Amino acid sequence: MATLAQSTASHDAHDHDHEHHEEGFISKYIFSYDHKMIGKQFLITGIFWAIIGGLLSVIFRLQLGFPDLELHFLKPLLGGWIDESGKLDPEFYLALVTMHGTIMVFFVLTAGLSGTFSNFLIPLQIGARDMASGFMNMLSYWLFFVAGAIMFVSLFIETGPAAGGWVVYPPLSALEQAIPGSGLGMTLWLISMTFFIASSLLGGINYISTVINLRTKGMSFSRLPLTIWAFFLTAIIGLLSFPVLFAAALLLVFDRSFGTSFYLSDIYIAGEALPNTGGSPVLYQHLFWFLGHPEVYIVLLPALGITSEIIATNSRKPIFGYKAMIISMLGITILSFVVWAHHMFVSGLNPFLGSIFMFLTLIIAIPSAVKVFNYLTTLWRGNLIFTPGMLFSIGLVSFFISGGLTGIFLGNSAIDIQLHDTYFVVAHFHLVMGSASFFGLVAGVYHWFPKMFGRMMDNRLGYIHFWLTFVGVYLVFFPMHYIGIAGFPRRYYSWTGFEFSNMYEDLNMFVSAAAIVTFAAQFIFLFNFFYSMYRGRKANQNPWRSTTLEWTTPVLPGHGNWPGEIPTVYRWPYDYSKPGAKEDFIMQTVPLSATPESNLPHEQELVKLEKEIMAEEQEVLVANEAKS
Amino acid sequence: MYGFLIAVGVVLLLSLIWMVYRIQTLVSVVKGSDKKIASSSNSVNAFLFIVFLVLFGGLMVWYSVKEFDNYTLPVASEHGIETDKLFWVTMAVTGFIFIITHILLFIFPYKYRYDEKRTASFYPDNNKLEVIWTVVPAIVLTVLVIGGYQTWSDITAPAPEKSHQVELMGYQFGWEVRYPGMDGVLGSHDYRLTSGTNASGIDFTDKNALDDFTSPVVVIPKGEPVEFKIRSRDVLHSVFAPHMRLKMDAVPGMPTRFWFVPTKTTAEMRQELGNDEFVYEIACTEICGRGHNAMRRVIEVVEPAEYRKWMAEQKPYIVNNPSLVENLTPDLKELAEITISEHK
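Parameters at a glance
- Residues numbered from 1 in each chain as written.
- Chains lettered and ligands numbered in written order.
- Predicted model: local features only at pLDDT ≥ 70, side-chain atom pairs only at ≥ 80, totals over all residues.
- Heavy atoms only, no water.
- UniProt positions renumbered as here; feature names shortened; annotations may be inferred.
- Helix = DSSP H or I, 4+ residues; strand = E, 2+ residues; numbered from the N terminus.
- Buried < 20%, exposed > 50% of the residue type's maximum accessible area, 1.4 Å probe, protein only.
- Contact = heavy atoms within 4.5 Å.
- Areas by Shrake-Rupley, 256 points an atom, 1.4 Å probe, with all protein chains shown as cover.
- Lys, Arg positive; Asp, Glu negative; His and termini not counted.
- Charge placed at Lys NZ, Arg CZ, Asp CG, Glu CD.
- Pairing = 2+ DSSP bridges.
- Axes fitted to C-alpha atoms, helices over the stretch in contact; angles between N-to-C directions.
- Parallel < 35°, antiparallel > 145°, perpendicular 65-115°, else oblique.
- Left-handed = near helix turned anticlockwise from the far one by under 90°.
- Phe/Tyr/Trp six-rings, centres within 6.5 Å; stacked < 30°, edge-to-face > 60°.
- Lys NZ or Arg CZ within 6 Å of the ring centre and 35° of its normal.
- Buried area = accessible area lost by both parts, 1.4 Å probe.
- Salt bridge = Lys/Arg side-chain N within 4 Å of Asp/Glu carboxyl O.
- Polar contact = N/O pair within 3.5 Å; in protein donor to acceptor, adjacent residues only side chain to side chain.
- Nonpolar A, V, L, I, M, F, W, Y, C, P; charged D, E, K, R; others polar.
- Core = buried A, V, L, I, M, F, W, Y, C linked by side-chain atoms within 4.5 Å.
- Domains from an automatic or database assignment.

An unreviewed UniProt entry annotates chain B as Cytochrome c oxidase subunit 2 originating from Nitritalea halalkaliphila LW7. Regarding chain B, the UniProt comment filed under Catalytic activity (unreviewed entry) reads as follows: "4 Fe(II)-[cytochrome c] + O2 + 8 H(+)(in) = 4 Fe(III)-[cytochrome c] + 2 H2O + 4 H(+)(out)". Among the UniProt annotations of chain B, the heading Sequence similarities (unreviewed entry) holds the following wording: "Belongs to the cytochrome c oxidase subunit 2 family."

Per an unreviewed UniProt entry, chain A is named Cytochrome c oxidase subunit I, and its organism is Nitritalea halalkaliphila LW7.

Right under this line is the structure:
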């Protein structure tokens, strides 16, 4: 034992030596290879984009809620997009909607969520020094940064950014004559997305290989925290579906710039018949949604993983149905690839194909339902501590239910005829995918902030932030169901031109007001985040008394995460409130042999095996020590 | 000046918030509540979940009942009655689950809020429960899907042979409506023939096109099958007739269709709603550019007899634009001239 202690000590010294080679500012904060720094880079960039995306939505909500309002005060920001009478330009309105969608889906909820937490947590929770390839990881962030920079530039060009909806369906997105945003703005959109796809792929490959290869001793797949399962499956989905979006975008580039006709046919526009024939706009929709639907799960699964972890920790209870949770996530992963055409029921798709996709779509509701019931049972008879992270996780479950259930309407092709492309859809996906994932992101930040910055965020501000946001999100999106059932179409600059949709001025005004308040409430979070980074209460090593590996590192882990040996794992991550145990949690690093009082019968049998392994290890260690 | 005052106000407000924040932080440090596992805020948060449940549950029920007639559009097609039925059955099922799960989700936090004296139960799994809540949703969903499948198959089945055809062609930004005329067959079209006088690109070398006519309003008979032949000549559009529960994309290069049976004339609907100005409308639901929100057409549903009378009164394209048939072959030209003289 003495030798062991000594070897750890010498390791410590060695590591300290390392730290004395002070890294330069650039290699530490900018072109960092360290997964923790890259995770933080993704987070900060994600927050930046979330503010932009939110701001855009506030502008178009002003138009929808207060159509008579004169927007002169926005002139310094929007310039020519506000006309003389103070009205927002209708084409710029469409550009706002498009950019809001693109930014939120890709930059905030894909890069900001997966990028942050997969990078930050995978090595810490599986017991690895870093990602499989630090260089690729750095490249992944910087490609994302370039994608963001290009998209940002496109917001300010004269013809405006892409304006064909975030799905950028051709021919609208292919023809400059159709809408000015389809000129340079669309070109920049495509270039930006190409960088983004490359970034996601580099990240995804890294996450997958890290999880498969770099797990510490004892960390079998059946002992992985659900967060890691979620990040792992998310990366697989991304790896399989993003290339298809790239293909779709590439063909669109050809149609736009090189005169091909993949998506274009029989078009007469701006007084001229185009030569393109034989293409099909529906082909684009198939390719787009082959990514587009899995994308929903790319943003949702990490949030669900984070929630599982936070709910278990703060309920002081094992997550209910660990295996069932994994099986449902696997089910969602596989099914997410075979439901895409439910976005296309009324696109002119063969109706028989529509019915197949209706069956497949409603199957995917089953694993989702299982997850909800498991969350509920985890709360049941727990001992709940409402940290801000926990509150946001409960909020997530609520949104997941509300938005998930409306999916059953939309997945049913017969009902979808009426609801497709109305505000019902807007309400549905903003709850189930937008708000739920956003809550997962925020919950994760509150929960892992002490690990990221060594300090605690303020709880009370967290509570205020939660209640304002939770209530706000429902006030924004719940009324949209009524508007949608009444048939209000999406992406309308104004509804007053139609008699079936010229009522509900009051409701739209209400939604807009709620959206502005909810957006403003996010500044509480921003303050809390940046203030606590420097002035927050110092965190201890395991502030939530959690079981997973990241809480065995020093408060602020350096390069390599653990100063000494990487800890070995002896049990699953959810030993909370185990009967007989001294405390209400047992860390993954505590051997079963050390807790005879709380072992379950089948675990008691494993103790012998465990002891043998430990003895062998000891021998190896001693032998190594003797050699050196 | 006002700007300055507002700025001062904002600064004062922010510093006030700042003070309150600092004071409560210091108080919590003095009280030592930041050392506790769960402070008194824990119960407050737990209680707020109950408040939220009651308040929002009440608000939802109140608004759903009060505004029912406003947000439910009257239905005016045979298949629409079926899809509405499906909608409300799904609403009942999901509404039930929605309420039950939310009651549990918000009551559990209150009931099981942190208590030092209690330990959580170690309850990691129960396969029987998992099977139950896999199988039960599966059965419920199967029932819903089968209902949906049957309705969907009926709606998308080929239109009955006798159905009246109307062509709706989307363009930036409007709908061009074309009727087949007395022969009941729409003449063929080619987008390259599109011009100022021939918006739909009708190919007049097809003799079926000679009696085709256009109309500013979509007139259709009540109680008889109508088939919309839908196409687009520039970007994607989507025909949406909310009262007919009808929606179908207009795709350039790929004609689509949707058939239905209107059940109430415009006049009947006006009487039913007590609104003399009521009209059935068509809107566009696929983003198509600047005028996306202005692609309006009115549908007028009339009694079949009235429809036939109206049809007989309409004048073919070529009557008003004889130049369209100038370059036809002699026999077609003769046919065209007969058509024109018939309608003079």
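Engineer: So, the overall build of chain A: which residues are in play, and what are the values?
Structural biologist: Each helix and strand in chain A was counted, giving 17 helices and two strands. Principal axes of the C-alpha set define a box for chain A whose edges measure 85 × 50 × 50 Å. Taken across its 628 residues, chain A has 67% of its residues classed as buried. Partitioning the contacts of chain A with sequence separation of at least 6, the portion at a separation of at least 24 is 77%. As displayed, chain A has an accessible area near 20,900 Å², and 68% of this comes from carbon and sulfur atoms. Distance between charge centres in chain A, computed from 31 positive and 41 negative side chains, equals 11 Å.

Engineer: Before we move on, could you go through the pairing of strand β2 (residues 174-179) of chain B and cite the residues and values that matter?
Structural biologist: All names here are of chain B. Within β2, six of the six residues are buried, which leaves the element mostly enclosed by the surrounding structure. Every second residue of β2 is oriented toward a common face, with Gly 174, Glu 176 and Arg 178 on one face and Trp 175, Val 177 and Tyr 179 on the other, all of them buried. Pairing analysis gives five bridges linking strand β1 (residues 164-171) to β2, with the strands arranged antiparallel. Note on β2: the bridge partner recorded for Tyr 171 is Gly 174. Adjacent in sequence and paired antiparallel, β1 and β2 are bridged by two residues. One ladder, built from two bridges, connects β2 with strand β3 (residues 213-214); its direction is antiparallel. Its bridge partner lying in β3, Tyr 179 is registered against Phe 213.

Engineer: Can you explain the packing of helix α5 (residues 90-126) of chain A against helix α9 (residues 281-315) of chain A? Please cite residues and give values.
Structural biologist: All names here are of chain A. Look at α5 against α9: their axes get within 10 Å of each other, and the N-to-C directions meet at 45 degrees. With respect to α9, the axis of α5 lies oblique. Viewed along their axes, α5 and α9 form a crossing whose handedness is left-handed. Touching Val 105, Phe 106, Leu 109, Thr 110, Leu 113, Ser 114, Phe 117 and Gln 125 of α5 are Leu 291, Glu 295, Ile 298, Val 299, Pro 302, Ala 303, Ile 306 and Glu 309, all from α9.

Engineer: For the pairing of strand β6 (residues 237-241) of chain B, give the residues involved together with the corresponding values.
Structural biologist: Residues and elements named next belong to chain B. The element β6 is largely enclosed, with a buried count of five among its five residues. Bridge analysis of β6 against strand β7 (residues 246-250) gives five bridges, and the strand direction is antiparallel. Its bridge partner being in β7, Val 239 is matched across the sheet by Met 248. In this structure, the hairpin formed by β6 and β7 is closed by a connection of four residues, where Arg 245 is found at a positive phi of approximately 55 degrees. Sheet analysis places β6 next to strand β9 (residues 280-284), joined by two bridges and oriented antiparallel. Within β9, the position partnered with Val 239 by the bridge is Cys 284.

Engineer: So, the sheet that holds β7(B): which residues are in play, and what are the values?
Structural biologist: Residues and elements named next belong to chain B. Here we have five strands laid out as an open sheet, ordered β4-β10-β9-β6-β7, and mixed in their pairing. With partners counted over all chains shown, the strands left at the sheet margins are β4 (218-221) and β7, one partner each. For this sheet, the mean angle separating the axes of adjacent strands, direction not counted, is 25 degrees. Summarising the sheet, β9 and strand β10 (residues 297-302) pair through three bridges and their orientation is antiparallel. Residue pairing in the sheet places Ile 282 in a bridge with Arg 297 of β10. Against the sheet, helix α7 (residues 304-313) touches β4 and β10, its axis set at about 135 degrees to β4.

Engineer: Tell me about the packing of aromatic side chains, and name the residues and values.
Structural biologist: When we look at a pair of aromatic rings, we describe it by the centre distance and by the angle of the planes. Under the counting rule described, the total for this entry stands at 104 aromatic pairs over all chains. Geometrically, the ring pair formed by A:Phe60 and A:Tyr93 is edge-to-face, given 6.1 Å between the ring centres and 75 degrees between the ring planes. Highlighted residues: A:Phe60 in helix α3 (residues 35-65) and A:Tyr93 in helix α5, separated in sequence by 33 residues. Under the relative-accessibility criterion, A:Tyr93 is labelled buried at 1%. In this arrangement the basic side chain of A:Arg381 is found over the ring face of A:Trp380, its NZ or CZ atom lying 4.9 Å from the centre. One residue, B:Arg113, lies across the ring of B:Tyr110, its end atom 4.4 Å from the ring centre.

Engineer: Lay out the interface of chain B and chain A with the relevant residues and their values.
Structural biologist: Taken together, the contacts link 109 residues of chain B with 121 residues of chain A. Note on chain B versus chain A: buried area summed over both sides is about 10,200 Å², and carbon and sulfur give 69% of it. Looking only at chain B, the three residues that lose the most surface to chain A are B:Phe122, B:Trp152 and B:Tyr191, adding up to 8% of its buried area. At the junction of chain B and chain A, the tally comes to three salt bridges. In this structure, the salt-bridge partner of A:Glu499 is B:Arg296, at a minimum N-O distance of 3.8 Å. Run the count over chain B and chain A and you get 34 residue pairs in polar contact (both at pLDDT 80 or more). Breaking the side of chain B that touches chain A down by element, the ones donating at least two residues are α1 (2-31), α2 (41-66), α3 (68-71), α4 (78-111), α5 (127-156), β7, β8 (256-260) and β9 of chain B. Here the residues of the side of chain B that touches chain A sort into 58 nonpolar, 32 polar and 19 charged.

Engineer: Can you explain the side chain of A:Ser512? Please cite residues and give values.
Structural biologist: Checked against the element boundaries, A:Ser512 lands in helix α16 (residues 505-535). Discounting chain neighbours no more than four positions away, the residues touching A:Ser512 are A:Arg61, A:Leu64, A:Gly65 and A:Phe66.

Engineer: Requested: an account of the nonpolar core, with residues and values cited.
Structural biologist: In terms of nonpolar packing, the biggest core is built from 274 residues, with A:Leu88, A:Phe106, A:Phe117, A:Phe529, B:Tyr179, B:Val218 and B:Phe228 touching the most fellow members. Broken down by element, this core gets its largest block of residues, 21 residues, from α5(A). Residue contacts for B:Val218: discarding those within four places in its chain leaves B:Val166, B:Leu168, B:Val177, B:Tyr179, B:Phe228, B:Ile282, B:Val298, B:Ile299 and B:Glu300.

Engineer: Before we move on, could you go through the domain arrangement of chain A and cite the residues and values that matter?
Structural biologist: All names here are of chain A. Domain boundaries assigned for chain A yield domain 1 (32-535) and domain 2 (559-627). Distance between the C-alpha centres of domain 1 and domain 2: 40 Å. Facing 25 residues of domain 1, the contacting portion of domain 2 comprises 22 residues. In total, domain 1 and domain 2 occlude about 2,000 Å² of area from one another, counting both sides; carbon and sulfur atoms represent 54% of this.

Engineer: So what's going on with the pattern of salt bridges? Residues and values would help.
Structural biologist: Applying the stated criterion across every chain, the model contains 27 salt bridges over all chains. Salt-bridge contacts for B:Arg245 lead to B:Asp84; the nearest nitrogen and oxygen are separated by 2.7 Å. Taken together, the residues B:Arg245 in the loop between β6 and β7 and B:Asp84 in helix α4 connect sequence positions 161 residues apart. In this structure, B:Arg245 and B:Asp84 share a single accessibility class: buried. Of the charged contacts in the structure, one is a salt bridge between B:Arg178 and B:Asp212, with a shortest N-O distance of 2.6 Å. Taken together, the positions of B:Arg178 in strand β2 and B:Asp212 in the loop between β2 and β3 put the pair 34 residues apart, joining distant regions of the chain. For the pair shown, B:Arg178 and B:Asp212 are each scored as buried. Overlapping salt bridges, with partners in common, bring together A:Arg571, A:Asp575, A:Lys578 and A:Glu603 in one network.

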